[in-house]
Amino acid sequence: RRCNLTACSSKMHPMWQGPLAVPGGDRQSPIDIVVRKSVLDTELKPLKTTYDPKTCQQIWNNGYSFLVEYDDTTDKNTLKGGPLQDTFRLCQFHFHWGETNDWGSEHTVDRRLFPAELHLVHWNADRYSLFEEAVMEDNGLAVIGVFLKVGKRHEGLQKLVDALPTIRHKDSVVEFTCFDPGCLLPANTDDYWTYHGSLTTPPLTESVTWIVMKQHIEVSHDQLAVFRSLLFTSAEEEVQKSMVNNFRVQQPLRGRTVRSSFT
Ligand SMILES: NS(=O)(=O)c1ccc2oc(NC(=O)c3ccccc3)nc2c1
Ligand SMILES: [Zn+2]
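Residues numbered from 1 in each chain as written. Chains lettered and ligands numbered in written order. Predicted model: local features only at pLDDT ≥ 70, side-chain atom pairs only at ≥ 80, totals over all residues. Heavy atoms only, no water.

A. Quick peek at the overall build of the protein. Counting its regular elements, the protein contains 4 helices and 15 strands. A compact globule built from 263 residues would reach a C-alpha radius of gyration of about 18 Å, and the protein, at 17 Å, matches this within 12%. For the protein, the spread of C-alpha atoms along the principal axes amounts to about 50 × 45 × 35 Å. By the burial criterion, 56% of the 263 residues in the protein qualify as buried. Accessible surface computed for the protein: about 11500 Å², of which carbon and sulfur atoms make up 51%. (Helix = DSSP H or I, 4+ residues; strand = E, 2+ residues; numbered from the N terminus. Rg over C-alpha atoms; globule rule 2.2 N^0.38 Å. Buried < 20%, exposed > 50% of the residue type's maximum accessible area, 1.4 Å probe, protein only. Areas by Shrake-Rupley, 256 points an atom, 1.4 Å probe, with all protein chains shown as cover.)

Written out as C-alpha cells, the structure reads:
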C-alpha cells in the first residue's frame, strides 16, 4: 500500500510537501483511475507516434527526476491521434519511482500502485512554437503515462540505466544519443485512459491531455535499483539525499470524466 500521507510526506522530497493542489485548481494530476467509472469513447483513435532516435540529445538530473531530451525544433518526433486533434512534438521523457517496489507511480488504477511511471512529454506544435508557450494553454501539452512493473530486464532501457551513474547529482548533464523512446511503449498502445489534467510538478499548470496506457512495461529489479542511486542533491551539498519517492499524491477528480479507448 502507498504509505499514508504523513509517512510519505516525511519521506518525500520537500517539493512534494508543497501545495498539494493549486489554489482554485480543478484539473490537477495525478489521479486514481477508477476503471468502472471510466467512460468508453468510441471516437477515440489509436495513438500514432513517430520517434527518431537520432534526435536524442542529452540526459540530465534536474533535481526532481532524470530527463532524456530530444530536439523538438522539427517534426521528427510526433504524437497524433488518440484524443488529440493536433500534432504534438516530444520534448522529453522522465520517470517517477518509489524507495521500494511497493509504490512510486503517480497515477493509480483502482488504487493499485506501480513501482514507477514513465512520462513522455509532448507539446502542441500546430498551435504553438515553443514548449514554454504551450505549457500555458489548456490544449498545449500531451503526456503519455506508462506504468512500470518489476519483472524481466528491459533490454532497451539498459543503455539509459548505464548512463545514470554519470548524472548522479542534481544539474549534471551528459550527451545521450541514439535512443528510441518508442522502445519504452507497451506492445499495445490502443488501450488507454485519457483525461484533462496538469503537470504533476511545478509549475503544475493545467494544460495536459493525459494518455495513460492500460498495458505496463517490465523492467528488472536491478534496473529500477539504479534509478534509486540517483541523488536529489548537487555535488556541493554536504548531505546527499537519494532520489526516491519523486511522485505527487493523487489529486481530487473534481467531477472530471476519465474516458477509455477500450471496454
Ligand atoms: N510529471 S509531468 O507532469 O510529466 C511534468 C511536470 C513538469 C514539467 O516541466 C516540463 N518542462 C519541459 O518539459 C520543458 C521542455 C522544454 C523547455 C522547458 C521545459 N515538463 C514537465 C512534465
Ligand atoms: Zn512526470
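B. Representation of the confidence of the model for the protein. Summarising the model, the protein shows a mean pLDDT of 93, and 91% of its residues fall at 70 or more. Contacts for the low-pLDDT stretch residues 1–9, under 50 throughout, to residues beyond four places or in other chains number 18 contacts. With a pTM of 0.94, the predicted complex shows an ipTM of 0.97. (pLDDT = per-residue confidence, 0-100. Contact = heavy atoms within 4.5 Å.)

C. Representation of the coordination of the zinc ion (ligand 2). The zinc ion (ligand 2) binds to the protein through His94 (NE2), His96 (NE2) and His119 (ND1); the donor distances cover 2.0 Å. Classification of the site at the zinc ion (ligand 2) rests on its 4 donor atoms, whose angles at the metal span 99 to 116°, yielding the label tetrahedral. All donors of the zinc ion (ligand 2) belong to a single chain; written as a sequence motif, their spacing is H-x1-H-x22-H. The burial state of His94 is the same as that of His96; both residues are buried. (Donors = N, O, S within 2.8 Å, 3.2 Å for Na, K, Ca; no water. Tetrahedral: all angles 85-135°; square planar, octahedral: opposite > 155°, others 65-115°.)

D. Region of the structure containing the pattern of salt bridges. Scanning the model with the defined rule gives 6 salt bridges in all. Linking Asp52 and Lys54 is a salt bridge whose minimum nitrogen-to-oxygen distance equals 3.3 Å. (Salt bridge = Lys/Arg side-chain N within 4 Å of Asp/Glu carboxyl O.)

E. Looking closely at the packing of aromatic side chains. Counted under the stated rule, the structure contains 11 aromatic pairs. Judged by centre distance (5.7 Å) and plane angle (35°), the rings of Phe176 and Phe179 are tilted. Comparing Phe176 with Phe179, the two get one shared label, buried. Taking 5.4 Å as the distance between ring centres and 65° as the angle between the ring planes, the aromatic pair formed by Trp193 and Phe262 counts as edge-to-face. Residue Trp193 is found in strand S12 (residues 192–197), and its partner Phe262 is found in the segment after strand S15 (259–260); the two are separated by 69 residues along the sequence. (Phe/Tyr/Trp six-rings, centres within 6.5 Å; stacked < 30°, edge-to-face > 60°.)

F. Layout of the state of the cysteines. Under the criterion given, the structure shown has 0 disulfides. The structure places no disulfide on Cys91, whose sulfur is separated from the nearest cysteine sulfur, that of Cys56, by 13 Å. Of the residues examined, Cys91 reaches a relative accessible area of 10% and is grouped as buried. (Disulfide = S-S within 2.5 Å.)

G. Quick peek at the site of ligand 1. As a matter of local geometry, ligand 1 sits amid 13 residues, with Gln92, His94, His96, Thr200 and Thr201 nearest to it. Separating an oxygen atom of ligand 1 from a side-chain N or O atom of Gln92 is a distance of 3.0 Å. For ligand 1, the accessible surface in isolation is 490 Å², of which the surrounding protein chains cover 78%. Elements with a contribution of two residues or more to the shell around ligand 1: strand S7 (88–97), strand S9 (116–124) and helix H2 (131–134). Counting residues per element, the shell around ligand 1 draws most heavily on S7, which supplies 4 residues. Among the residues forming the shell around ligand 1, the class breakdown is 6 nonpolar, 6 polar and 1 charged. (Near = heavy atom within 4 Å. Polar contact = N/O pair within 3.5 Å; in protein donor to acceptor, adjacent residues only side chain to side chain. Nonpolar A, V, L, I, M, F, W, Y, C, P; charged D, E, K, R; others polar.)

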